[in-house]
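# Structural description and commentary
The lines below spell out each chain.
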Amino acid sequence: MTKKTMSVHEVAILTGITARTLHYYDEIGLLKPTKVTEAGYRLYDDTALSRLQNILLFRELQFPLKEIKVILDSPDFDPSEAIAQQIRLLELQYKRLGELIAFTREIQKKGVTTMNFDVFDKSEIEKYEAEVKAKWGNTKAYQEYKQKAIARDEGSYSKISGELMAMFSELGELKHLAPNADEVQKKISALQKFITDNYYVCTNEILSGLGEMYACDERFKNNIDKAGGDGTADFVSRAIAAYCSIQ
């Protein structure tokens, strides 16, 4: 246990961060001191130090300060769940670091001609980071989705999900066409409108991100391929990319 309050100097010694960094966190509203003395000294209690610990963990995971503030200030923020998410991200980074070490050892052993760019792929980490940000309402789209979800009952949710899968089924029937074919592009336009009407405003930027996720996230890929047949998720992803490139 820490003592009741700690000064900037004491917190700096405890955590290894500089007094200047603590002052900056105060200025941007990321970490306010528990109180400021008449002489102007900032003091931090255990609650403030707990928030600082979360800040430092998210910083280690390469989250920008602005996004960390949004996460920690979210009314839905759950420290215990955040710790579990941080552990998962650290595990993914640990796994990737191990793969990089093994790869460089292979180069050392076999020579610089060894080629393997898979070890530089951060998509799994980036995907989970996106889920963490979405979980704490980091985007306007996620907040819109939550509001619409509250207004739906279980029956309407199943109906909407079924209609979405039907759209993927229809796209699956068009896999023999080019992704940029007019008929395919009309289906993508209808998909964008459906998402806007039922989930959140689906801008081209969001649609583009969804297209990448459909092909890379195994959960989405499997469901979409189940609806439209093998290869549908990849086809939809390419069709969305074509759609967004000309809008």
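Read on for an overview of the structure. Note that the coordinates shown come from a computational prediction; the quantities given were computed from them, not determined experimentally. (Residues numbered from 1 in each chain as written. Predicted model: local features only at pLDDT ≥ 70, side-chain atom pairs only at ≥ 80, totals over all residues. Heavy atoms only, no water.)

Looking only at helices and strands, the chain has 12 helices and 3 strands in total. In the chain, buried positions account for 33% of the 247 residues. About 15100 Å² of surface is accessible on the chain, with carbon and sulfur atoms providing 55% of the total. (Helix = DSSP H or I, 4+ residues; strand = E, 2+ residues; numbered from the N terminus. Buried < 20%, exposed > 50% of the residue type's maximum accessible area, 1.4 Å probe, protein only. Areas by Shrake-Rupley, 256 points an atom, 1.4 Å probe, with all protein chains shown as cover.)

With that settled, consider the packing of helix 1 (residues 8–15) against helix 2 (residues 19–27). Helix 2 packs onto helix 1 with a crossing angle of 110 degrees between their chain directions and a minimal axis gap of 9 Å. The orientation of helix 1 with respect to helix 2, classified from their angle, is roughly perpendicular. As for how helix 1 packs across helix 2, the hand of that crossing is right-handed. Of the residues in helix 2, those in contact with Val8, Val11 and Ala12 of helix 1 are Ala19, Leu22 and His23. Considering only residue class, the contact of helix 1 with helix 2 consists of 5 nonpolar, 1 polar and no charged. (Axes fitted to C-alpha atoms, helices over the stretch in contact; angles between N-to-C directions. Parallel < 35°, antiparallel > 145°, perpendicular 65-115°, else oblique. Left-handed = near helix turned anticlockwise from the far one by under 90°. Contact = heavy atoms within 4.5 Å. Nonpolar A, V, L, I, M, F, W, Y, C, P; charged D, E, K, R; others polar.)

Here we come to the packing of helix 11 (residues 218–228) against helix 12 (residues 232–246). Between helix 11 and helix 12, the shortest axis-to-axis distance is 7 Å and the interhelical angle comes to 100 degrees. As summarised for this structure, helix 11 and helix 12 are arranged roughly perpendicular, according to the angle between their axes. Contacts between helix 11 and helix 12 involve Lys221, Ile224, Asp225 and Gly228 from the first element and Thr232, Ala233 and Asp234 from the second. Among the residues forming the contact of helix 11 with helix 12, the class breakdown is 2 nonpolar, 2 polar and 3 charged.

Among the secondary structure elements, serine 237 is positioned in helix 12. Since its relative accessible area comes to 15%, serine 237 is described here as buried. Aside from chain neighbours lying at most four places away, what touches serine 237 is Gly211, Glu212 and Ala215.

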